[in-house]
Amino acid sequence: MQNKVIHNSVSNKKGNIWLFWSKTLPEPTVVSMSSQMITVSVGGFLVSGVHAHVGVVQRRFLWTKMELISDLKQPWMTIGDFNSITSSEEKIGGRTVNRKSMQEFNTCLANCELIQAPKNGLQHSWSNCQHGNRRILCNLDRVVYNQLWFQKNEDWSYKVGLRIASDHSPLLGGNVAVPKPKNVLWKFQKMWSSHPGFMEVVLQCWSEEKLKEAEEEVKEAMIDSDLNPFDTAALDRLVTAENNLNSKEVHLSTMLKQKARVKWVNEWSANTSFFYTNFKIRQSRNFISELQDHNGDITTDQAKIADTLIQHFQKKFQFQDVVNDDTLLEAIQKVINEEDQQMLDAIPDEEEIKSTIFHMDPDSSPGPDGFSGWLYKSCWDIIKHDVIQAVQLCWKRRFIPKGLNSNFLVLLPKIDGAKTPNHFRPIGLRNVSYKIFTKIINTILSSLMNKLITPQQVAYIKGRSIQE
């Protein structure tokens, strides 16, 4: 492959920035060139290579030049050694972080409307190559771009490579398509609730589903009555089922004749571009593009990554036999009296169930059924009778049907550039219907904490301070 090069060399000094590109690409045009940055225009995109000065004062000239480039309002990506960090977490060892320098760099990025590109690989791009207490690690090299660049290259990300021939890591970037997971299920979207016909659709679907159930009851009762024509109990069940069906049909017919009324709330226009950009960046960061297995081998195949993760967490959380010593229970004093036991066994009423649901975070991630707390709150008048009946029935029988307590397991990276299974933390996303039970139990038990937990235990107890 034939390449071309642009550099900032002068007669008496070798250049510190060299931009190479293939002849197969459009001819780049130099927009700006200095000792700290070269900016070229390629096919309607601006690309800047940066090698910032080690001096704080000299870097201010670079920040000024970057703000001038941003005024061109074109898709722009900047890559290189900025010799600055954005937070104290980006440095390990050495002297205390120069907060003035860090603030100036962050101000420049904000003024230029540049955002950090998604990355993987090493967490720190530079090392002083020392050992022990003298070792210093920093994230000096990075890629940033503006929203115009992002809109054209949504899947662009980069990898921080290994430091081999230099104290700096190579940055390898490009467009990496994020494949859609195979097990994506339906999910309720909050925005649907603002549609004028939302409540009408929910009421219709909910009523039609209950109508189907009533029809099935009539069918079963009719078959039973036909097989036992002289059984008065079977006849009574048929009459009751038919009355229930007729009632559901009347409710559905009335609902269809009603006109939905929605009170609209005027809001300032949302910055959709900003939220979409952050969503895509977050999606790219959470995507596991490569993984290192227990043998040290790195794979990018999604099927192999999934198998490696499943094997790791199955081994970690597999069942292990334990020996239970019930004699230890004899040393525990009985602190729960009959009154407390009755409170624990009491079936929650309508107000308690409603209060529990309405105190949940409506925007928390839903479980396998796809329904968030927002649906329960916004459609409470429609679904409340069925929800209350289901909760109270499970409470009476002390049994939760299979599937109601199902979970989605989601892996969250513990660190930037997570690449091994140990770098991920699994969390479970449960159905709201199951959270109702756990929240009610939590509320009841919280009133007994002062009895169950000794006064010496002060941490993580409401009303107590760890400093006491």
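Everything numeric in this text was worked out from a predicted model, so none of it was measured. (Residues numbered from 1 in each chain as written. Predicted model: local features only at pLDDT ≥ 70, side-chain atom pairs only at ≥ 80, totals over all residues. Heavy atoms only, no water.)

*Asks:* So what exactly am I meant to see when it comes to the overall build of the protein chain here?
*Replies:* When helices and strands are counted, the protein chain shows 13 helices and 18 strands. Counting only residues that meet the buried cut, the protein chain has 32% of its 468 residues in that class. Put simply, 61% of the contacts in the protein chain that link residues at least 6 apart link residues at least 24 apart. Here the protein chain has roughly 31400 Å² of accessible surface; of this, 54% comes from carbon and sulfur atoms. (Helix = DSSP H or I, 4+ residues; strand = E, 2+ residues; numbered from the N terminus. Buried < 20%, exposed > 50% of the residue type's maximum accessible area, 1.4 Å probe, protein only. Contact = heavy atoms within 4.5 Å. Areas by Shrake-Rupley, 256 points an atom, 1.4 Å probe, with all protein chains shown as cover.)

*Asks:* Sorry if this is basic, but what is going on with unusual backbone geometry here?
*Replies:* Excluding glycine, most residues fall at negative phi; most peptide bonds, likewise, are trans. Notably, Lys 73 is not glycine yet its phi reads approximately 55°, a positive angle. Of note in this structure, Arg 398 is not a glycine but carries a positive phi near 55°. Considering the arrangement of structural elements, one finds Arg 398 in the loop between α11 (380–397) and β17 (407–413).

*Asks:* Sorry, what's going on with the packing of helix α9 (residues 350–358) against α11 here?
*Replies:* Geometrically, a packed helix pair is captured by the angle between its two axes and the distance between the axes. Interhelical geometry of α9 versus α11 gives an angle of 115° and a closest axis separation of 10 Å. When the interaxial angle is binned, α9 and α11 end up roughly perpendicular. When the axes of α9 and α11 are compared, the crossing they make is right-handed. On α11, the residues that touch Glu 350, Ile 353, Lys 354, Ile 357 and Phe 358 of α9 are Trp 380, Lys 384, Val 387, Ile 388, Val 391 and Gln 392. Tallied by class, the residues present in the contact of α9 with α11 amount to 7 nonpolar, 1 polar and 3 charged. (Axes fitted to C-alpha atoms, helices over the stretch in contact; angles between N-to-C directions. Parallel < 35°, antiparallel > 145°, perpendicular 65-115°, else oblique. Left-handed = near helix turned anticlockwise from the far one by under 90°. Nonpolar A, V, L, I, M, F, W, Y, C, P; charged D, E, K, R; others polar.)

*Asks:* Whenever I open this one, the packing of aromatic side chains confuses me. Can you help?
*Replies:* Two measures describe an aromatic ring pair: the distance that separates the ring centres and the angle between the ring planes. Evaluated as defined, the whole model comprises 9 aromatic pairs. Taken together, a centroid distance of 5.4 Å and an interplanar angle of 80° make the contact between Phe 45 and Trp 149 edge-to-face. Here Phe 45, found in strand β5 (residues 45–51), pairs with Trp 149, found in helix α3 (residues 147–152); they are 104 residues apart in sequence, far enough to count as distant. Ring geometry for Trp 156 and Tyr 158: centres 6.5 Å apart, planes at 40°, overall tilted. Given the relative accessible area of 9%, Trp 156 is considered buried. (Phe/Tyr/Trp six-rings, centres within 6.5 Å; stacked < 30°, edge-to-face > 60°.)

*Asks:* What should I look at first to understand the sheet that holds strand β10 (residues 126–127) in this one?
*Replies:* For sheets, the rule is that strands pair by backbone hydrogen bonds, running either parallel or antiparallel. Here 3 strands make up an open sheet; going across it, the order is β7-β11-β10 and the pairing antiparallel. Taken across any chain shown, the strands that pair with only one partner, and hence form the sheet edges, are β7 (91–92) and β10. Both β10 and strand β11 (residues 137–138) contribute to a ladder of 2 bridges, which runs antiparallel. From the neighbouring strand, Ser 127 faces β11, where its bridge partner is Leu 137. (Pairing = 2+ DSSP bridges.)

*Asks:* What exactly am I supposed to notice about the pattern of salt bridges here?
*Replies:* Pairing between side chains of opposite charge can happen when the charged atoms of each approach one another. Within the structure shown, the criterion is met by 5 salt bridges. A salt bridge links Lys 159 to Glu 290; its shortest N-O distance comes to 3.2 Å. Of this pair, Lys 159 sits in strand β13 (residues 156–160) while Glu 290 sits in the loop between α6 (272–286) and β15 (291–292), and the two are 131 residues apart along the sequence. Judged by relative accessible area, Lys 159 falls into the partly exposed class, the value being 29%. Salt-bridge contacts for Lys 451 lead to Asp 340; the nearest nitrogen and oxygen are separated by 2.7 Å. (Salt bridge = Lys/Arg side-chain N within 4 Å of Asp/Glu carboxyl O.)

*Asks:* I would appreciate a short explanation of the sheet that holds strand β9 (residues 119–121) in the present structure.
*Replies:* A sheet is described by the order of its strands in space; here 3 strands give the open sequence β9-β13-β14, paired in mixed fashion. Because the sheet does not close on itself, it has two edges, and the strands there are β9 and β14 (171–175). Averaged over neighbouring strand pairs, the angle between their axes works out to 25° when direction is ignored.

*Asks:* What exactly am I supposed to notice about the environment of Ile 382 here?
*Replies:* Residue position: Ile 382 is located in helix α11. What makes Ile 382 buried here is its relative accessible area of 14%. Each C-alpha atom, one on Ile 382 and one on Met 199, is 8.7 Å from the other, the two residues being 183 residues apart in sequence.

*Asks:* Just checking my understanding: could you explain α11 for this structure?
*Replies:* Residues spaced three or four apart along an α-helix point in a common direction, a consequence of the helix completing one turn every 3.6 residues. Under the 1.5 Å per step criterion, the end-to-end length of α11 is 24 Å for 18 residues, consistent within 8% with the ideal 26 Å. By the largest-angle criterion, Asp 386 marks the main kink of α11, which is about 25°. Along α11, the residues that are buried comprise Trp 380, Ile 382, Ile 383, Val 387, Ile 388, Val 391, Cys 394 and Trp 395. Following α11 by one or two positions, Arg 398 has its phi on the positive side, about 55°. (Expected span 1.5 Å × (residues − 1). Bend = angle between axes of the 7 residues up to and from the residue.)

*Asks:* Mind showing me how you'd approach the pairing of strand β12 (residues 141–145) here?
*Replies:* Looking along a regular strand, one sees side chains alternate from face to face of the sheet. β12 sits mainly inside the fold: 5 of its 5 residues count as buried. Side-chain alternation along β12 places Asp 141, Val 143 and Tyr 145 on one buried face and Arg 142 and Val 144 on a second face that is also buried. Alignment of strand β6 (residues 76–81) against β12, held across 5 bridges, turns out to be antiparallel. The partner of Met 77 across the bridge, within β12, is Tyr 145. Relative to β12, strand β8 (residues 115–116) is paired through 2 bridges, and the arrangement is antiparallel. Directly across from Ile 115, in β12, lies its bridge partner Tyr 145.

*Asks:* Is there a simple way to explain a nonpolar patch on the surface in this structure?
*Replies:* A cluster of nonpolar side chains, Val 335, Ile 441, Leu 445 and Leu 452, forms an exposed patch at the surface whose accessible area comes to about 280 Å². Note on placement: Val 335 falls in the loop between α7 (302–316) and α8 (338–345). What makes Val 335 partly exposed here is its relative accessible area of 31%. (Patch = residues over 30% accessible without salt bridge, like charges linked within 9 Å, V, L, I, M, F, W, Y side chains within 5 Å.)

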